[in-house]
Amino acid sequence: MDLASRYKGVVGFVFGNENSGSSEDSYVERLLDRISNGVLAEDRRTAIAELQSVVAESRAAQLAFGAMGFPVLMGVLKEERDDVEMVRGALETLVSALTPIDHAKGPTNEVQPALMNTDLLSRESESISLLLTLLSEEDFYVRYYTLQILTALLTNSPIRLQEAILSIPRGITRLMDMLMDREVIRNEALLLLTYLTREAEEIQKIVVFEGAFEKIFSIIKEEGGSEGGVVVQDCLELLNNLLRSSASNQVLLRETMGFDPLISILKLRGSTYSFTQQKTINLLSALETINLLMMGGSEADPQKDSNKITNKTVLVQKKLLDYLLILGVESQWAPIAVRCSALRSIGDLVAGNPKNLDALSSKVLGEEPQVEPALNSILRIILRTSSMQEFIAADHVFKNFCEKNSDGQAMLASTLIPQPNSMAHAPLEEDVNMSFGSMLLHGLALSESDGDLETCCRAASVLTHILKDNTQCKERVLRIELEAPMPSLAAPELLLHRIVRYLAVASSMKNKDGKPGYSYVQPIILKLLVTWLADYPSAVQCFLDSRPHLTYLLELVSNTSSTVCVRGLAAVLLGECVIYNKSSESGKDGFTIADAISQKIGLTAYFLKFDEMQKSFLFSSVKPAQSHKPLTRSTAASMAEIEDGEESDLSDQKNEDHPILTSIFDAQFVNFVKSLEVYIRENIVDVYSRPKSDVAVVPAEMEQKGGESDKDYIKRLKAFVEKQCSEIQKLLGRNATLAEDLARTGGSGNSQPELRVGSGSDRVQAETLRRDLQEASQRIEMLKAEKAKIESEASIYQNLAGKLESDLKSLSDAYNSLEQTNLHLEKEVKGLKSGGTSTSPDIESIKAEAREEAQKESEAELNDLLVCLGQEQSKVEKLSAKLSELGEDVDKLLEGIGDDMGLPEDDDEEEED
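Below you will find a few notes about this structure. Residue numbers restart at each chain and count upward from 1, following the sequence in its written direction. In keeping with the model being predicted, local features are shown solely for residues with a pLDDT of at least 70 and side-chain atom pairs are shown and tallied solely at 80 or more, while totals for entire chains, interfaces and linings include all residues. With hydrogens and water excluded, all non-hydrogen atoms of the structure serve as input to the side-chain values.

A carboxyl oxygen of Asp or Glu within 4 Å of a side-chain nitrogen of Lys or Arg is what we treat as a salt bridge. Here the structure, examined in full by the defined rule, presents 32 salt bridges. Across the salt bridge formed by glutamate 50 and arginine 34, the nearest N and O atoms sit 3.4 Å from each other. Of this pair, glutamate 50 sits in helix H3 (residues 41-57) while arginine 34 sits in helix H2 (residues 23-37), and the two are 16 residues apart along the sequence. Using a 1.4 Å probe on the protein chains alone, a residue whose accessible area is under 20% of its type maximum counts as buried, one over 50% counts as exposed, and one in between counts as partly exposed. Among the residues examined, glutamate 50 registers a relative accessible area of 28% and is labelled partly exposed. Measuring nitrogen to oxygen at the nearest pair gives 2.6 Å for the salt bridge that ties arginine 458 to glutamate 454. Taken together, the residues arginine 458 and glutamate 454, both in helix H28 (residues 454-467) and four residues apart, mark about one turn of the helix. Residue arginine 458 shares its accessibility class with glutamate 454, and that shared class is buried. Among the charged side chains, a salt-bridge network with shared partners connects Glu42, Arg45, Asp83 and Glu85. Strands here mean DSSP runs of E at least two residues long; helices mean DSSP runs of H or I at least four residues long; both are numbered from the N terminus.

Written out as structure tokens, the structure is:
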């Protein structure tokens, strides 16, 4: 285990040269030496206790321990398991080394010793395996400290520890066994398993296989359900980790234990009015589990849809809807976070499930004789609550109730019966005995008396859901008339016209604090009008029956003080007055509306409103579904303390629209507006591309006047026809210009229908573009050839420059050499000129030096020759001895050989001379 070598570089960086000999460093080193090399067991135990104390209090000691201590203590754990006190001390020291020291906080960029130690220890799979084996020890503190170490490792290095535990046989099984241990160890093991199962599917499967569901609900029941402490929260977090992305685990829970133990957590026991923070968190965690079951699994899971339907059906069969209504509607003393979560769960429970929709529509709340339908109570929450978050959650119920539920929409619309004027302006507190529809109309008309449009706005949101994609409901609501505040002075007013009047009033109204009007009122009312007029010509006709409506709408689209969202939705509403307009009445037909748009706004500016809206925050950041963050220990407290939707995480986003609109403008509405925009562009282009419908009206100028002669009558008719022809030509030319302008700039690349306009102009433009493209291609080819030529010349000049540089360097070297030679010669000349007497000694000394040098060389050569002669003489002697042994006469053989050696000897004598 090479732990120390990995750590030295980091420790050297932290301590530096000045602190390398610090007292903590040397003290830790001495203690480790006593632990590893000590003879007396008691002395070693004392050293471990002292080491634990100093590591728990000093960051420098933590660093020093990381550099040197892991191999020593891991050796103790491995080789001295029988000495329980030593093992305890080693484990406690490891816990201290991995625990950050809060009271010694330094700069934010300072190295954290505990994190470094955690990273170092988690890299050693052998260490993890050794720690897991300690979980089977009998000593309580050994198991407890071991779990604490594993939790610290998992907190800082989750992926690495997950992989290590998976690679160890029965690693997860040992942790699961800890759930049946004593309470303290069980709680620590539970916390460890919540960390382990957050992202690891393989570990989730093993945990479920080891009977996690039974153990989780057993602990929850033992702790007291929702009244329990943080242990219940940890159990529910572990349960949610196992269910979040696995349809198979949800099926296993449903078919083994069922949903009864989960639903029982939502039952309010004991002091119903008492909601501690922990109880709130426990309920929120249980509601999150319900939400996960209603989602059915991950998006990629093929079982998701069928599992979702089955889970919802079973949950309603188990009376979940009753408990959710108690939490979300009847328990007004419950925290807002719990009420909102329960209301969202009700909406999700009935979405797309006919049986659950029927169950909700038939539910009644309260006790005899004061009972009322559950939907009425939820509507009252919408109209009365002071919390934006609760309004959004309750509105979510009606959205899902009305989605693809025409029978439910018709049932709600059938109750929309106006109340007498005396009841219509009664305060909200007196609406207990009203029907659903009467209460809704009461909310829509209430602002007439108190000048507050917030209630009207909320009621308009509910009415939007009732009218969506339902022509029968649109027709029924279109006939509703509301009495004027003073019936004797004004006739009844259509509900549609009242809504449009509120839209105009909203821009100038102020809220209760005296600030400018609610920034979400106009968008929500516009959403209602856009939904109402969509694919319903009668509503368009009713809207245009009042001429000021069109004038106001044109002004609203051009109003720079309005938000981008308001201008864009007003433009969509104006476009609906064109595309869904079936009127042939002069001044109200589609051509007239389109002409008014062109005259008052301009087609380019009009379509620019669409583009601006699509780029706004509301439309560009919309998501298919709201994804809630998992409820963990770190996020639970903040979730439980939310008091108002305005304090949610949406409030800090930098956009001009109110945060509430991100929930009201869901993905379905945004996509609907985008598709409507394409249809509006296409139809407005068609309006300008075709002639106006024939009108069978004979102008007065074509009638022959009394006493007028035929000649004068024909002459006047001819002038009238010429005038009409001239006006028609001008109109056609204007239409062609507008269509071409629209084709060029109106779509901004988002839609293509305008390409159908002016085919001749398009062909000319296409030909021009083709010619320009061809010329550009030729120009590019010429530039490429010129570039290649320039690069070639540049290469030649570069080589020439290199050669010249080399020549210059050679010349410089030669010049320097000549200059040095010249300098040397000048010195010699100066020496010669200084006097002739000094030359003779110089020449004699030079001769002496030359003679001495030659003598040394001759002596060296002579020595070499002597050595060679000696070697040859030795060879001759050996050969002579050999020949003598063979019986040869050596002297006879050597006769005459000495004469040949005379010449070298003479040479040697001459050299010696």
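That was the structure; now back to the text.
Take helix H4 (residues 59-79) next. The span you would expect from a helix comes to 1.5 Å times its residue count less one. Its 21 residues give H4 an end-to-end C-alpha distance of 28 Å, which sits within 8% of 30 Å, the value for a rise of 1.5 Å per residue. The largest bend along H4 reaches roughly 65° and is located at glycine 69, with the proline proline 71 sitting one to four residues downstream. Where burial is concerned, most of H4 is hidden: 15 out of the 21 residues are buried. Throughout this description, a polar contact denotes any pair of N or O atoms lying within 3.5 Å of each other; where both atoms belong to protein, one of them has to be capable of donating a hydrogen while the other can accept it, and for residues adjacent in sequence the pair is counted only when both atoms sit in side chains. Structurally, the start of H4 carries an N-cap: the backbone nitrogen of alanine 60 is 3.3 Å from a side-chain oxygen of serine 58. To obtain the bend at a residue, axes are fitted to the seven residues ending there and to the seven starting there, and the angle between these axes is taken.

This part takes up a nonpolar patch on the surface. Only residues whose relative accessible area exceeds 30% and that form no salt bridge are eligible for patches; like-charged ones are grouped when within 9 Å, while nonpolar side chains (Val, Leu, Ile, Met, Phe, Trp, Tyr) are grouped when within 5 Å. Computed with the Shrake-Rupley method and a 1.4 Å probe, the accessible areas treat only the protein chains shown as cover for residues. Together, Leu862, Leu865, Leu866 and Leu869 make up an exposed nonpolar region whose accessible area comes to about 340 Å². Its location among the elements puts leucine 865 in helix H43 (residues 839-886). Classification of leucine 865 as partly exposed rests on a relative accessible area of 42%.

Let's shift gears to the packing of helix H7 (residues 125-133) against helix H8 (residues 140-156). All axes are obtained by fitting lines to C-alpha atoms, using only the stretch in contact for helices, and the reported angles, taken between N-to-C directions, cover 0 to 180 degrees. Their axes nearest at 9 Å, the elements H7 and H8 cross at an angle of 145°. The chirality of how H7 crosses H8 is left-handed. Contacts from Ile128, Leu131 and Leu132 of H7 reach H8 at Thr146, Ile149, Leu150 and Leu153. Under the scheme applied here, ten amino acids are nonpolar (Ala, Val, Leu, Ile, Met, Phe, Trp, Tyr, Cys and Pro), four are charged (Asp, Glu, Lys and Arg), and all others, including Gly, are polar. When grouped by side-chain class, the residues that make up the contact of H7 with H8 number six nonpolar, one polar and no charged. Handedness of each helix crossing follows the sense of rotation of the near helix against the far helix: counterclockwise by less than a right angle gives left-handed, clockwise gives right-handed. Residue contacts are counted whenever heavy atoms from the two residues lie within 4.5 Å of one another.

The next point concerns the side chain of histidine 465. As for its position among the elements, histidine 465 is in helix H28. The exposure class of histidine 465 is buried, given its relative accessible area of 8%. Ignoring anything within four residues of it in the chain, the contact list for histidine 465 reads Asp395, Phe398, Lys399, Cys402, Gln409 and Lys527.

In this fold, serine 331 is placed in the loop between helix H19 (320-330) and helix H20 (336-350). Separated by 2.6 Å, the side chain of serine 331 and the backbone oxygen of isoleucine 326 make a polar contact. Each residue touching serine 331, except ones within four places of it in the same chain, is listed here: Leu268, Ile326 and Arg339.

Another point: the pairing of strand S2 (residues 370-373). A pair of strands counts as paired when DSSP detects no fewer than two bridges linking them. Bridge analysis of strand S1 (residues 364-367) against S2 gives four bridges, and the strand direction is antiparallel. Its bridge partner lying in S2, glycine 366 is registered against valine 371. Linkage of S1 to S2, two consecutive antiparallel strands, is achieved through a turn of two residues.

Next up on the list: the packing of aromatic side chains. Two rings belonging to Phe, Tyr or Trp (six-membered ring only in the last case) form a pair when the distance between their centres is within 6.5 Å. Interplanar angles under 30 degrees mark stacking, angles over 60 mark edge-to-face geometry, and anything in between is tilted. In total, this model carries 12 aromatic pairs according to the counting rule given. Among the aromatic residues, those joined into a cluster by ring pairs are Phe140, Tyr141, Tyr144 and Tyr145. For a ring to carry a charge above it, either NZ of a lysine or CZ of an arginine must fall within 6 Å of the ring centroid while also lying within 35 degrees of the normal to the ring plane. Above the plane of the ring of phenylalanine 140 lies arginine 182, whose end atom (NZ or CZ) is 4.2 Å from the centre. Sitting over the face of the ring of phenylalanine 275, lysine 279 holds its NZ or CZ atom 4.5 Å from the ring centroid.

What follows covers the nonpolar core. Residue types Ala, Val, Leu, Ile, Met, Phe, Trp, Tyr and Cys, when buried and joined through side-chain atoms within 4.5 Å, form a set referred to as a nonpolar core. Among the nonpolar cores identified, the biggest contains 220 residues, and Leu77, Leu175, Leu495, Trp532 and Tyr606 are the most heavily contacted of them. If one sorts the elements of this core by residue count, helix H34 (residues 564-579) sits on top with 12 residues. In contact with tyrosine 606, other than residues within four places in its own chain, are Ala571, Leu574, Gly575, Ile597, Ile601, Ile680 and Ile684.

Here the focus is the environment of glutamine 162. Mapped onto the secondary structure, glutamine 162 falls in helix H9 (residues 158-167). Given the relative accessible area of 8%, glutamine 162 is considered buried. Between the alpha carbons of glutamine 162 and alanine 200 there is a distance of 7.5 Å; along the sequence they are 38 residues apart. In contact with glutamine 162, not counting residues within four places along its chain, are Leu154, Tyr195, Leu196, Ala200 and Ile203.

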